[in-house]
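# Structure assessment
Below are the chains, spelled out letter by letter.
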Amino acid sequence: MAYTFPKSQASASKLSKSAVQAQLVGSFAGHFIGAMPVHEFLDTFLPEADGCPAASNEEFSPVENPRRKNQKPRSWVSPQGEDFFDMEPKPERATFGQFMESLQKFTDNFDLVETSSCPDPSVVIDGHEFQPDIALYNRGSTRKGVTDMSAMEAWITIKPSMQQDPFRDPMHGVLQEYHKFERSSDEEIPARAHMVACADAFFATQFRRFGFSILICGFLARFVRWDHAGAVVSQRFDYTDDGIPLAQFLWRLNCASPELRGVDVSVTPATLAESEDRSIRKLLGVCRSDPLYCYIVPDDNASHDKATDVKGPRFGTNHCYIGPRPTLQQCSLLDQRTRALNLWDPRQKKIVFFKESWRQDLTAARTESDIYRALHYHGIPHIPSFEHGGDMYGLGSETVTYSFYEAWWCCDRKAYHPFIQHRIILGDIGRPLNSFRSTYELVTAIRDAIEAHEYAYEFYDILHRNINTENIRITSDGRGLLMGWEFCTWVEKGIRPTCAGILDRETSDWIPQKDPLLDQTGTRRFMSTALLARETPKPHRLEDDMESFLYVLMYTVIRYLPSNMSVEERNTFLQLFDEEYETDALGRVVGGERKLDCFEDPDRHFPKSFKPHLMLDHQLRFLYKGLSVRYQERPSLNYFHASFVDACGRGRYDYAAEDLRWQILTGNHHLDDFYHSQRDKLLYHDWIMEDLDDTLKERQRWPEADAADHNLDMIYLASPSNVS
């Protein structure tokens, strides 16, 4: 999972541009594959096209950087150890207008527009602009402004110096697998951050499966192909000495079909009668000015040979749904693997829930469609109804970045996973969790989601691994639904992880612990402290999901429940979930120090003015106390005595606690056994389900009308600490 932008909504101050650049670079670290030979890049990704205008080797002159028109050219210093490209400066530069005229010769189907001084909101991060320098638009296309990332076909990023090239090609005689392709000095980070920011916005605002860009640093150029798994980067070449590759790239892109340029042709503008258009907009709450689209979703039985059936599945194996463009999410391209929204089903004349994800295309991986079918087959309660869905087909529906990591030219070789586009349709999914009409309804919905989680895990060995506020919904009758099963893992049948190893339930034998997938999954805001730790990666366990349920409840209550907290107090506390994270060398998001501090002393971190009613306060503290044992050493005698006093004070007589108290008084105690028993209870759902059921039985002790207040959310979002 990659870093998500923008910075945390509750951050106290705006980040500097260098900090934003570092985050952008970190979000894509290790996902650039290069350096692919230039002609191999062209022949692999863009088919030859006839009629290319004649191009000479010296077709193009070095271009000035449009952002530095009034500045003197920087000095060209060749750092020791660079190859011959960096050894000879070329100070003669064409004006930006002259350079664009040279490019236009090979792009007669495109409008080339200088965009360097005109920001688009999608490429403004924390107040800092990252728009491209040149945009390629379809000729005559409608655009919202000079820079419109949602309308671009490709883009060009220009840096004045070859020393700003963020990649380093291996020198002759160097083994590629030992060569680090991505440069990381202060000189090169801004260029790579600029590239990543443009790619993030390009995919976030369009229906794209892949896309292309050009990077120019001084008189050197590179081609880049982006998809949802990473980017393939060409070798650099001197476009002033050999302009033919640049001319060929532009001409081939100019002549390529939309599908070959990466457009997702399974989403097309909808053509509707005026009355039908008006009716659908009203049902979906879509403004007149927002376009509607037709989304293709494959049927459950849509099976075809991807190698031979290039036109897709047989007639009748997919369905069309009508709806708007998904809400823009300003986040890393590698995080843009899921989109979801309500669509209109013209066949059944009802609103359905559409979800698109890019899933790992592994032999052992189960699709989300398969997961929902299995959940319904086994009768798992509290999950949404499943209509149909499956993997998509056609050019670009499968990422190709992974297929080059073993190529002879690939540097710093790492094993990459392939991804495939997957879509599903669900029935009624109810209301969002933040629309709760009372805290009793909120806790009931979370309790039902935990029960669905329990049935899937305890009886069918399925671990969810992505508990967040979006994946828990409230039905019309005030119950809960658990959805979003695309990251779930099948735990091996018949075994359970424990503190000391794995217990085989049939033989009761201990066997060495066998970790599930170590890939970091989940929503950063609600990930457990253990998964965010800077230590060696830990496998995702049941207790990590239970901790996420705690964060979902706490976050929703703090953000939407009226209280005596000021805006500043609320924002400060929400930093617990939205603190700034880093990306380590393995590409993992690391941090979570605030969450750990809260486990060590909840009273010190809970806002003093946050005083929920007795039942909700008990539930939050019970969850914190139960889960805190994950991060504690063996407690002292005083801790256990205080626990007993606390249990008796709540009127809950605990025979185990009384027995422990007697053992402490007599000196005949087994604290280590008790401590481990508290840790072992986290391996099951019973401890939390029993307390939730007991608490919810006392309905008369819960307020009747303490509903979510979304005015609080508007105040929170508009506060100075949350405005870029």
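Above this text is the structure in question.
Note that this is a predicted model, so its numbers are computed, not measured.

The next thing to look at is the packing of aromatic side chains. Under the definition given, this model contains 34 aromatic pairs. Put simply, the rings of Phe41, Phe45, Phe210, Phe212, Phe223, Phe237, Phe249, Phe404 and Trp409 touch in pairs and so form one group of aromatic residues. For the cation-ring pair, Arg143 lies above Tyr137, with the distance from its terminal atom to the ring centre recorded as 4.3 Å. The ring of Tyr440 has Arg699 sitting right over it, with the charged end atom 4.1 Å from the ring centre.

What follows concerns the environment of Thr107. Relative to the helices and strands, Thr107 is located in the loop between helix H3 (96–104) and strand S2 (110–114). Separated by 31 residues in the primary sequence, Thr107 and Asn138 have C-alpha atoms spaced 9.7 Å apart. Discounting residues that sit within four places of it in the chain, Thr107 has contacts with Leu112, Leu136, Arg139, Leu250 and Asn254.

So, about helix H7 (residues 368–377). Within H7, the full set of buried residues consists of Glu368, Ser369, Ile371, Tyr372, Ala374 and Leu375. Elements in contact with the buried residues of H7: strand S15 (350–360), strand S16 (386–391), strand S17 (419–426), helix H8 (439–460), strand S19 (462–463) and strand S22 (489–490). Just downstream of H7, Gly379 is the residue with a positive phi angle, here 75°.

Our focus in this paragraph is the side chain of His319. Topologically, His319 is positioned in strand S13 (residues 318–323). Within the local environment of His319, its side chain forms a polar contact with the side chain of Asp299, the two groups lying 3.1 Å apart. If sequence neighbours within four positions are ignored, His319 has contacts with Tyr295, Ile296, Val297, Asp299, Arg347 and His388.

Before going further, it helps to spend a moment on the environment of Pro119. As for its placement among the helices and strands, Pro119 is situated in the loop between S2 and strand S3 (124–125). Those residues in contact with Pro119, other than ones at most four positions away along the chain, are Val124, Glu129, Gln131 and Thr147.

A separate point is the pairing of strand S7 (residues 210–217). The buried count for S7 comes to 8 of 8 residues, which makes it a mostly enclosed element. Here S7 shows a buried face lined by Phe210, Phe212, Ile214 and Ile216 and a second buried face lined by Gly211, Ser213, Leu215 and Cys217. Pairing geometry for strand S6 (residues 152–159) and S7, over 5 bridges, is parallel. In the strand pairing of S7, Ile156 is matched with Ile214. As judged from the 8 bridges shared by S7 and strand S8 (residues 220–227), these two strands associate in the antiparallel manner. Following the sheet pairing, Phe212 is matched in S8 by Arg225.

So, about the sheet that holds strand S18 (residues 431–432). Hydrogen bonds between backbone groups are what pair the strands of a sheet, and the pairing can be parallel or antiparallel. Across the sheet, which stays open at both edges, the 3 strands sit in the order S18-S20-S21 with antiparallel pairing between neighbours. The two strands at the open ends of the sheet, each matched to only one other strand, are S18 and strand S21 (480–482). Taken together, the 2 bridges between S18 and strand S20 (residues 472–474) define a ladder with antiparallel strand orientation. Paired with Pro432 across the two strands is Arg473, which belongs to S20.

Turning to the state of the cysteines, a few remarks are in order. Enumeration according to the criterion identifies 1 disulfide in this entry. Covalent S-S linkage joins Cys294 and Cys320, the inter-sulfur distance amounting to 2.1 Å. You can see Cys294 sitting in strand S12 (residues 293–298) and its partner Cys320 sitting in strand S13, a full 26 residues away along the chain. Judged by its relative accessible area of 28%, Cys320 is partly exposed.

Positionally, Asp603 belongs in helix H13 (residues 602–605). Between the C-alpha atom of Asp603 and that of Arg621, which follows or precedes it by 18 residues, the distance is 9.3 Å.

For Lys355, the position within the fold is in strand S15. Residue classification places Lys355 among the buried residues on the basis of a relative accessible area of 6%. Here the side chain of Lys355 touches Glu368 through a polar contact of 3.1 Å, side chain to side chain. Among the polar contacts made by the side chain of Lys355, one reaches the side chain of Glu486 at a distance of 2.4 Å. Apart from residues lying up to four places away in sequence, Lys355 is in contact with Thr338, Arg339, Ala340, Glu368, His422, Arg423, Ile424, Gly484, Trp485 and Glu486.

To continue, consider the packing of helix H2 (residues 38–45) against helix H5 (residues 244–255). Between H2 and H5, the shortest axis-to-axis distance is 11 Å and the interhelical angle comes to 10°. Judged on the interaxial angle alone, H5 and H2 are roughly parallel. Residues Val38, His39, Phe41, Leu42 and Asp43 of H2 form the contact with H5, whose participating residues are Pro245, Gln248, Phe249 and Arg252. Split by residue class, the contact of H2 with H5 holds 5 nonpolar, 2 polar and 2 charged.

Rules used in this analysis
- Numbers given to residues run from 1 along each chain, matching the order in which its sequence is written.
- Reporting of local features is limited, given that this is a predicted model, to residues whose pLDDT is at least 70; pairs of side-chain atoms are given and counted only at 80 or more, and all residues count toward the totals for whole chains, interfaces and linings.
- By convention in this description, side-chain values take in all heavy atoms of the structure and omit both hydrogens and water.
- When the centres of two rings from Phe, Tyr and Trp lie within 6.5 Å, Trp using its six-membered ring, the rings pair. Their planes under 30 degrees apart give stacked, over 60 give edge-to-face, and anything left gives tilted.
- Here, a charge over a ring is recorded when the distance from Lys NZ or Arg CZ to the ring centre is within 6 Å and its angle to the ring normal is within 35 degrees.
- Helix numbering and strand numbering both begin at the N terminus, where a helix is a DSSP run of H or I of at least 4 residues and a strand a DSSP run of E of at least 2.
- Residue contacts follow a heavy-atom distance rule, with two residues in contact if any of their heavy atoms lie within 4.5 Å.
- Burial classes follow relative accessibility: with a 1.4 Å probe on protein chains only, a residue under 20% of its type's maximum area counts as buried, one over 50% as exposed, and anything between as partly exposed.
- Two N or O atoms form a polar contact when they lie within 3.5 Å of each other; inside protein one atom must be a possible hydrogen donor and the other a possible acceptor, and for residues adjacent in sequence the pair counts only when both atoms belong to side chains.
- Two strands pair under a simple rule: DSSP has to find at least two bridges between them.
- Cysteine sulfur atoms that come within 2.5 Å of each other are treated as a disulfide pair.
- To get an axis, a line is fitted to the C-alpha atoms, and for a helix only the part in contact is used. The angle between two axes follows their N-to-C directions and goes from 0 to 180 degrees.
- By the definition adopted for this analysis, an angle is roughly parallel if under 35 degrees, roughly antiparallel if over 145, roughly perpendicular if from 65 to 115, and oblique otherwise.
- When residues are grouped by polarity, Ala, Val, Leu, Ile, Met, Phe, Trp, Tyr, Cys and Pro land in nonpolar, Asp, Glu, Lys and Arg in charged, and all others, Gly among them, in polar.

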